Amino acid sequence: MSRVYNFSAGPAVLPEEVLQEAADEMLDYKGSGMSVMEMSHRSKVYQAIIDEAEADLRELMNIPDNYKVLFLQGGASQQFAMIPMNLMKNKKAAYIVTGQWAKKAYQEAKIFGDAVEVASSADKTFSYIPDCTDLDIPEDADYVYICENNTIYGTKYQTLPDTKGKILVSDVSSCFLSEPVDVTKYGVIYGGVQKNIGPAGVVIVIIREDLITEDTLPGTPTMLKYKTHADNGSMYNTPPCYGIYICGKVFQWIKKQGGLSAMKARNEEKAKILYDFLDQRELFKGTVRKEDRSLMNVPFVTGSEELDAKFVKEAKEAGFENLKGHRTVGGMRASIYNAMPKEGVEKLVEFMRKFEENNK
Ligand SMILES: *Cc1c(COP(=O)(O)O)cnc(C)c1O
């Protein structure tokens, strides 16, 4: 068996221990005589899996009792619609556009009401986070929406925007569980799990209880109401059972690593290796304003498309996969999520150093 260093933005690298454990339990989960994929979601044994996953996530993120944890489907993209359908009571919301995912959410919200762009970093290809200390937020806005870590552009909010008392809704898909978070500052935190937690097909929504109501926009389908899922413990219909099981294993893995403070320390250490290298070199350059850099997604360029392509090709041959930048940005991007070992980043930097020597 040989595993590569996988720098994919998502679906992305998972902890090897988790994959090994899942492999060991594949044919017979804890004496049940079947795989988790084959068992009823109404069985006791599965109920224990989802209950434990929720309890571990609550412990890791220190989620207060007045927040619900929902395991849903449809990816992060389905939340672009579910959020306005469930929360846009006044049919108005403020959106901060810091990249493609925020823009997609903003455009989707326009289907349902008056989505107002209150800040944007489009003027500089989303290479920074705009100043959000004094935004012009409409008096009757139902919420303020952000994408907290911009997977494609490699930026991250270092401080949350001043929402002027409005509910904050945050897409944390690509920074989920990468550092401690104060859940009480948000109305809704959500993310697709395929970036930092588990297999594609699960989206986790952490939502304050008072925001879960029957009062949704007219025509909202049953499956797209938070209340439907909250009232049924994420089991109104068959949940993405196997995906939730793997997420649960990753939660346990993070607990074993020492929780979110330990993850943050590790992530800072890893990111520093790469950013320090980028800051000192001639050939490779980071593309993001320093103070807004993400710990998870690190875009960089050589300045020559030809050299970029050569680098991606040679890196792949050397066992560093998925370093090509997003198709809209070009260049390279190294996604260094929780499960990327420090060794992977060190070896990448070593490889980049050699590449630079050979291509001066
Ligand atoms: C990947 C990503 C999405 C889209 O996720 P899907 O599950 O494919 O819908 C949305 N937001 C962010 C920040 C992402 O990184």
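All values reported here derive from a predicted model rather than from experimental measurement.

A. Structural detail: the overall build of the chain. Scanning the chain for helices and strands turns up 9 helices and 14 strands. C-alpha extents for the chain along the principal axes are approximately 65 × 60 × 30 Å. Sorting the 360 residues of the chain into buried and exposed places 56% on the buried side. In the chain, 68% of the contacts between residues at least 6 apart in sequence involve partners at least 24 apart. About 15,900 Å² of surface is accessible on the chain, with carbon and sulfur atoms providing 48% of the total. Between the centroid of the 44 positive side chains of the chain and the centroid of its 51 negative side chains there is a distance of 2 Å.

B. Seen up close, the site of the ligand. Residues in close proximity to the ligand include G75, A76, S77, F80, W101, C147, N149, T151, D171, S173, Q194 and K195, which together make up its full environment. At 2.4 Å, a side-chain N or O of T151 approaches an oxygen atom of the ligand. Here the ligand loses 87% of its free accessible area of 390 Å² to cover by the protein chains. Looking at the shell around the ligand, its residues break down into 4 nonpolar, 6 polar and 2 charged.

C. Region of the structure containing the packing of aromatic side chains. Per the counting criterion, the structure on display carries 16 aromatic pairs. Ring centres of Y95 and Y106 lie 6.0 Å apart, and the angle between their planes is 45°; on these two criteria the pair is classed as tilted. Here Y95 is found in strand β3 (residues 92-97), whereas its partner Y106 is found in helix α4 (residues 100-110), with 11 residues between them in sequence. The burial state of Y95 is the same as that of Y106; both residues are buried. Here the aromatic rings of F311 and F355 are separated by 5.1 Å at their centres, their planes lie at 85°, and the arrangement is edge-to-face. Highlighted residues: F311 in helix α8 (residues 305-317) and F355 in helix α9 (residues 342-358), separated in sequence by 44 residues. Take F355: its relative accessible area is 2%, and that puts it in the buried class. Counting every residue linked through ring pairs, the aromatic cluster contains Y5, F7, F277, F284, F300, F311, F320, F351 and F355.

D. Just the sheet that holds strand β11 (residues 285-286), in detail. With antiparallel pairing, the 3 strands of this open sheet are ordered in space as β11-β12-β14. The two strands at the open ends of the sheet, each matched to only one other strand, are β11 and β14 (332-335). Where strand β12 (residues 297-301) meets β14, 4 bridges bridge the pair, whose relative direction is antiparallel. Paired with N297 across the strands is S335, a residue of β14.

E. Structural detail: the pattern of salt bridges. Considering all chains together, one arrives at 26 salt bridges under this definition. A salt bridge links K92 to D114; its shortest N-O distance comes to 3.7 Å. Highlighted residues: K92 in strand β3 and D114 in strand β4 (residues 114-120), separated in sequence by 22 residues. The class for D114 is partly exposed, based on a relative accessible area of 36%.

Procedures and definitions
- Residues numbered from 1 in each chain as written.
- Predicted model: local features only at pLDDT ≥ 70, side-chain atom pairs only at ≥ 80, totals over all residues.
- Heavy atoms only, no water.
- Helix = DSSP H or I, 4+ residues; strand = E, 2+ residues; numbered from the N terminus.
- Buried < 20%, exposed > 50% of the residue type's maximum accessible area, 1.4 Å probe, protein only.
- Contact = heavy atoms within 4.5 Å.
- Areas by Shrake-Rupley, 256 points an atom, 1.4 Å probe, with all protein chains shown as cover.
- Lys, Arg positive; Asp, Glu negative; His and termini not counted.
- Charge placed at Lys NZ, Arg CZ, Asp CG, Glu CD.
- Near = heavy atom within 4 Å.
- Polar contact = N/O pair within 3.5 Å; in protein donor to acceptor, adjacent residues only side chain to side chain.
- Nonpolar A, V, L, I, M, F, W, Y, C, P; charged D, E, K, R; others polar.
- Phe/Tyr/Trp six-rings, centres within 6.5 Å; stacked < 30°, edge-to-face > 60°.
- Pairing = 2+ DSSP bridges.
- Salt bridge = Lys/Arg side-chain N within 4 Å of Asp/Glu carboxyl O.

In short, geometric facts, not functional conclusions.
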